[in-house]
Amino acid sequence: MSDYLPTIGIETHVQLKTKTKMFSAVGNDARDAAPNTLISHIDVGMPGALPVLNEKALELACRAAFALNTTPQKFSKFERKHYFYPDLPKGYQITQYENPIIIGGHVELPDGKKIGITRAHLEEDAGKNTHPASADYSLVDLNRAGTPLLEIVSEPDIHSAADAKAYVRELYLLMKYADVSDCDLYLGHMRFDVNVSVSKDPSKPGIRAEVKNLNSFRSVEAAIEYEIKRQTELLENGEKVVQETRGWDEDKQVTTSQRSKEEAEDYRYMPEPDIPPTELSDEFIENIRKDMPDLPSYYRKTLSDIGIDKKATEDIVAIPDVARNVDLVYRYDGKLNAKFGRRIAFLLLRPQPEEPDNTDAKVDISIKNLVKLCQMAEDGLLSSTATKEIFDEMLISKNDPELIAKEKKLIQVSDEGAIEEIVKQVIAENEKAANDVKNGEMKAISFLVGQVMAKSKGQANPGLAQAIIKKQLGV
């Protein structure tokens, strides 16, 4: 099987972050809407309905172009793509074919590999069919019909399931950082179709199968691994791979045949007569370019500069709000402070009390207070445990860290004279432990430090307490 080279291309549907649909003034957020309540005469293709292009969708597509390391096309136009399915009442989908909004570009993976982008085009989504268990009918919800999508088509530059997973994850991050989409995989804001073929000839890919509607990085990797194994076994047994569309069964971890693969001529593309071609001005494109936020590569460099290892860096970059806060603390007030950057990075990476599993949670704390908390810890006013406790409280109350520390009596005593008096008492009350320390049993010093902390009600600086104990015992 190792003689076979997989060739993989991925089509990604990204739901754009607009308030209204692609061609109608109906709301684009269907999360809490009852079925078939977010529809208009345009979405269902009533006679005489005239679609109007959503300018915000065009703007977001341009942002996506810059995130994909290219520039948007000045000229693009829409076509009608005909097919018949219950969730497409018009009998056609408005999409871009000959002149898409994006041509070219690439996605660079964290390990430096570059995956080329063939094109990305704007289109409207179809509705959604549901098939109730044990029922002899299906239900159609058209709330999603007309939702603005950007379909990003990769070059067949991917040759392993692991690289495919890395590609879709990086694409997810690019669209999220660029604020093109909410990228909620659970809600289907990003869906992946993977085309997989295997061949012994590196210059000639094999017959491909397409696996549709994958909605997680893990399922992309698993479906590709399964397809590579399935196709290789077919060829090894002297059978042929059929060009077809397949579905992914998450429970069984297998792909299943759905239908033969359509080609462009099957869709009978024709120009969309109701939407004029789009021509973007240089000023429009330049304004979007200037407004582009920092992307994952920028934050990876920042985190590398402050000494964060690669694994922790990827954990931080996976949560845009965490990466942005780390960077702001690191660059606070025009000064670079790597120590503060590292400290806040690991505080922010900890599961938070309110939303431990929500990697998209907002960290709503002022940068000034984050820096102040770091400074208090650096000055020895807070133990590591107290720092974490205050940070967790700041997430909830948004209060000043010094105020929280005083209310909770968490400020460490760093008065050498005061700690010396406590140490004298502890040594006098624990002669055996003191003698053990003198005799080289350094484990006993932890016990004595613990006693100092207890007498000070946890407010003594433990590092200073240990130094004073060693000094008084002559070790």
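Look above for the structure.
Residues numbered from 1 in each chain as written. Predicted model: local features only at pLDDT ≥ 70, side-chain atom pairs only at ≥ 80, totals over all residues. Heavy atoms only, no water.

So, the overall build of the protein
Next, step 1: Looking only at helices and strands, the protein features 15 helices and 16 strands.
Next, step 2: Computed over the C-alpha atoms, the radius of gyration of the protein is 30 Å, more than 25% above the 23 Å expected from 2.2 N^0.38 for a compact globule of 475 residues.
Next, step 3: Taking the principal axes of its C-alpha atoms as reference, the protein extends roughly 95 × 55 × 50 Å.
Next, step 4: Contacts in the protein between residues far apart in sequence, at least 24 positions, make up 68% of those at least 6 positions apart.
Next, step 5: Split by element, the accessible area of the protein, about 23900 Å² in all, is 50% carbon and sulfur.
Next, step 6: The average position of the 62 basic charges and that of the 78 acidic charges among the side chains of the protein differ by 4 Å. (Helix = DSSP H or I, 4+ residues; strand = E, 2+ residues; numbered from the N terminus. Rg over C-alpha atoms; globule rule 2.2 N^0.38 Å. Contact = heavy atoms within 4.5 Å. Areas by Shrake-Rupley, 256 points an atom, 1.4 Å probe, with all protein chains shown as cover. Lys, Arg positive; Asp, Glu negative; His and termini not counted. Charge placed at Lys NZ, Arg CZ, Asp CG, Glu CD.)

Overview of the pairing of strand β12 (residues 209–214)
Next, step 1: Taken together, the four bridges between strand β11 (residues 190–199) and β12 define a ladder with antiparallel strand orientation. Paired with Val194 across the strands is Val211, a residue of β12.
Next, step 2: In the sheet, β12 pairs with strand β13 (residues 244–249) via three bridges, with the strands oriented parallel. Within the sheet, the bridge partner assigned to Glu210 lies in β13 and is Thr245.
Next, step 3: Running through helix α3 (residues 217–236), the crossover from β12 to the neighbouring parallel element β13 is left-handed. (Pairing = 2+ DSSP bridges. Right-handed = clockwise from strand over helix to strand, strands pointing away.)

Section: the packing of aromatic side chains
Next, step 1: Counted according to the given criterion, the structure contains eight aromatic pairs.
Next, step 2: Where Tyr83 meets Tyr267, the ring centres are 6.1 Å apart and the plane angle is 70°; that geometry is what we call edge-to-face. On the criterion of sequence distance, the pair formed by Tyr83 in the loop between β3 (79–82) and β4 (92–95) and Tyr267 in the loop between β14 (254–260) and β15 (270–271) is long-range, its members being 184 residues apart.
Next, step 3: Ring geometry for Phe192 versus Phe217: centroids 6.5 Å apart, planes at 50°, classification tilted. Here Phe192 is found in strand β11, whereas its partner Phe217 is found in helix α3, with 25 residues between them in sequence. (Phe/Tyr/Trp six-rings, centres within 6.5 Å; stacked < 30°, edge-to-face > 60°.)

Considering the environment of Pro202
Next, step 1: Counting through the fold element by element, Pro202 comes out in the loop between β11 and β12.
Next, step 2: For Pro202, a relative accessible area of 65% translates into the label exposed.
Next, step 3: The spacing of Pro202 and Leu5 is 197 residues in sequence and 6.5 Å in space, taken between C-alpha atoms. (Buried < 20%, exposed > 50% of the residue type's maximum accessible area, 1.4 Å probe, protein only.)

A word on the pattern of salt bridges
When the charged atoms of two side chains lie near each other, side chains of opposite charge can form a pair.
Next, step 1: Going through the model one piece at a time under the given rule, you end up with 37 salt bridges.
Next, step 2: Between Arg144 and Asp125 there is a salt bridge, with its nearest N and O atoms 3.3 Å apart. Taken together, the positions of Arg144 in the loop between β9 (139–141) and β10 (148–154) and Asp125 in the loop between β7 (114–124) and β8 (128–130) put the pair 19 residues apart, joining distant regions of the chain.
Next, step 3: For Arg144, a relative accessible area of 27% translates into the label partly exposed.
Next, step 4: Owing to a relative accessible area of 7%, Asp125 belongs among the buried residues under this scheme. (Salt bridge = Lys/Arg side-chain N within 4 Å of Asp/Glu carboxyl O.)

Some points on the packing of helix α9 (residues 367–378) against helix α10 (residues 384–397)
Next, step 1: Contact pair α9 / α10: the axes reach a minimum separation of 11 Å and the direction vectors enclose 165°. The orientation of α9 relative to α10 falls into the category roughly antiparallel. Crossing of α9 against α10: the hand is right-handed. Facing Asn369, Leu370, Leu373 and Ala377 of α9, the residues of α10 in contact are Thr387, Ile390, Phe391 and Met394.
Next, step 2: Its residues assigned to classes, the contact of α9 with α10 shows six nonpolar, two polar and no charged. (Axes fitted to C-alpha atoms, helices over the stretch in contact; angles between N-to-C directions. Parallel < 35°, antiparallel > 145°, perpendicular 65-115°, else oblique. Left-handed = near helix turned anticlockwise from the far one by under 90°. Nonpolar A, V, L, I, M, F, W, Y, C, P; charged D, E, K, R; others polar.)

Regarding the nonpolar core
Next, step 1: Formed by 101 residues in total, the largest nonpolar core has its most connected members in Leu150, Ile152, Tyr167 and Met175.
Next, step 2: Tallying contributions element by element places helix α2 (residues 161–177) first for this core, with 10 residues.
Next, step 3: In terms of nonpolar packing, the next biggest core, distinct from the first, is built from 19 residues, Ile422, Met453, Ala460 and Leu473 among them. (Core = buried A, V, L, I, M, F, W, Y, C linked by side-chain atoms within 4.5 Å.)

Note that all results are geometric; they support no functional claim without further evidence.
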